[in-house]
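As a plain string of letters, each chain reads:
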Amino acid sequence: MPDQATHAPDNASNPAPRAGLPDPRRFDPVAFPGAEPGEAWPPTHFNFHAPWMHEPGLGFERDASGGIAVVRSFAHLRLLVDIDTAHQLFDLAPGSRDFRLLRLIPAALRCVDRILPGDPMPGPLLDEEEEVPEEHHLYAATTAMVERLASQAGEEGQALAEAMRRVPPGPGMFEAAVARCITRFGFPMATVAPLARRLQRLANAHARVLATAAAQPDYAAMEKVVLRTRQTLGADRGWVGGGLLTRAMDGLLPQINRPRRASAAILAAAEEAMRRPLPLEAPTRLILEQDGYRDRLLDISVFWRRLSAAWMTVDPDTTDRREIEALARNTLRRLSLTSLYRPPDEP
């Protein structure tokens, strides 16, 4: 049974494991089905070997419906494909290196808007964490805070909210809003600037929560693969160990949605906290609370990112049953970490 992990070296910038949790990168390391011994996976780039995967204009995007769209430059052609059968469209053999690389596309599209052959692998798939949230997450966090400012804050806060509505979104919007409060509304800098700095820290904290939630693995896709694998194994009477593995998969099915549900609950709690009536003039407690939610989301994603991507490389009809068994065992061990999935309101 394959136990040897094939992964990139630990990155010094990776966060330390939280109290009560093992190191996720050394906890039953994940081996990708079909990976050669010693092969680092995921690779650093989407360097497909098949020449037809490098045709000009070929790319991948996530469709508005959530599916994967194959994009060609000519005639604005978009072809929506099921990632489970996309390898047939590109004539890639199940289990091959290009097949496994293609199955990483959905996970990559949770981090970037478009993937072209040859593009670098997004940092989160290589266990690298982004410290600065992207602009759209910062804008979403700021929008939520502006709504709260307008309804709950004092005179300075309401003026700052009004000013932020009238400046272009982006990392510099707080400075522009402060300048507007001073020049248009006549507030002294000593009053409005400290408030703006505190609120900017809060917006950054909530934006990190939103960014970490958006970069969570595609748990729903993993659940779909697990279910399809169980159905295929149940019909496979030609493998001697089928009964034991089938029972293991039966144990997975009722609880495989635990990381998805826990992540959704944590994000909902973080968003609810931003709407809760608390004094925004002194938001230190709320900032620490948002940082805690972000840490919880990061813990779950680090424990599940490689494993969910490994499940996506499974082709139930051709993947070695011993490799599926190793994934099932690894999954059950992660599901047993109850502190990872505790409700958001528990310490």
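Let me sum up the structure you'll find in this document. (Residues numbered from 1 in each chain as written. Predicted model: local features only at pLDDT ≥ 70, side-chain atom pairs only at ≥ 80, totals over all residues. Heavy atoms only, no water.)

Bringing empty space enclosed by the protein into the picture now. One simple way to see leftover space: roll a probe sized like a water molecule over the atoms. One pass over the structure, following the stated rule, counts 4 cavities of 30 Å³ or more. Within this model, the second largest cavity holds a volume of roughly 120 Å³. Contributing to the lining of the second largest cavity are 15 residues, with Ala 107, Arg 110, Pro 217, Asp 218 and Ser 308 lying nearest its centre. Contributions of two or more residues to the lining of the second largest cavity are made by helix H3 (105-108) and helix H11 (284-312). With 4 residues, H11 is the single largest residue contributor to the lining of the second largest cavity. Residues that form the lining of the second largest cavity fall into these classes: 10 nonpolar, 2 polar and 3 charged. (1 Å grid on protein atoms, 1.4 Å probe; cavity = no way out; pocket = protein on both sides within 12 Å on 5 of 7 lines; lining within 4 Å. Points joined across faces, edges and corners; volume = space filled by probe spheres on them. Helix = DSSP H or I, 4+ residues; strand = E, 2+ residues; numbered from the N terminus. Nonpolar A, V, L, I, M, F, W, Y, C, P; charged D, E, K, R; others polar.)

Residue position: Thr 338 is located in the segment after helix H12 (321-335). When its relative accessible area of 59% is taken as the criterion, Thr 338 is described as exposed. Thr 338 sits 80 residues away from Arg 258 along the chain, and the two C-alpha atoms are 9.9 Å apart. (Buried < 20%, exposed > 50% of the residue type's maximum accessible area, 1.4 Å probe, protein only.)

In terms of nonpolar packing, the biggest core is built from 69 residues, with Phe 46, Phe 60, Leu 102, Trp 304 and Trp 311 touching the most fellow members. Residue contributions to this core peak at 12 residues, all from H11. The residues contacting Trp 304, other than those within four sequence positions of it, are Pro 217, Tyr 219, Met 222, Ile 256, Pro 259, Thr 331, Arg 334, Leu 335, Leu 340 and Tyr 341. With 16 residues, the next largest nonpolar core counts Ala 163, Cys 181, Ala 193 and Leu 199 among its residues. (Core = buried A, V, L, I, M, F, W, Y, C linked by side-chain atoms within 4.5 Å. Contact = heavy atoms within 4.5 Å.)

Here we take up H11. Over its 29 residues, H11 extends 41 Å from the first C-alpha to the last, a length consistent with the 42 Å expected when each residue adds 1.5 Å. Its axis deflected by about 40° at Trp 304, H11 carries its strongest bend there. (Expected span 1.5 Å × (residues − 1). Bend = angle between axes of the 7 residues up to and from the residue.)

Counting through the fold element by element, Pro 94 comes out in the loop between helix H1 (86-89) and helix H2 (97-102). In this structure the C-alpha to C-alpha distance between Pro 94 and Pro 316, which are 222 residues apart in sequence, comes to 9.8 Å. Those residues in contact with Pro 94 that sit more than four places away from it in its chain are His 87, Phe 99, Asp 315 and Thr 318.

Before going further, it helps to spend a moment on the pattern of salt bridges. Evaluated as defined, the whole model comprises 8 salt bridges. In this structure, Arg 114 engages Glu 61 in a salt bridge whose closest nitrogen and oxygen atoms are separated by 3.3 Å. One end of the pair, Arg 114, is in strand E4 (residues 114-115); the other, Glu 61, is in strand E1 (residues 59-62), and 53 residues separate them in sequence. The salt bridge involving Arg 208 is made with Asp 291; its shortest N-O contact spans 3.3 Å. With Arg 208 in helix H7 (residues 189-214) and Asp 291 in helix H11, the pair connects residues that are 83 residues apart, well separated along the chain. (Salt bridge = Lys/Arg side-chain N within 4 Å of Asp/Glu carboxyl O.)

Honestly, it's all geometry; don't read function into it.
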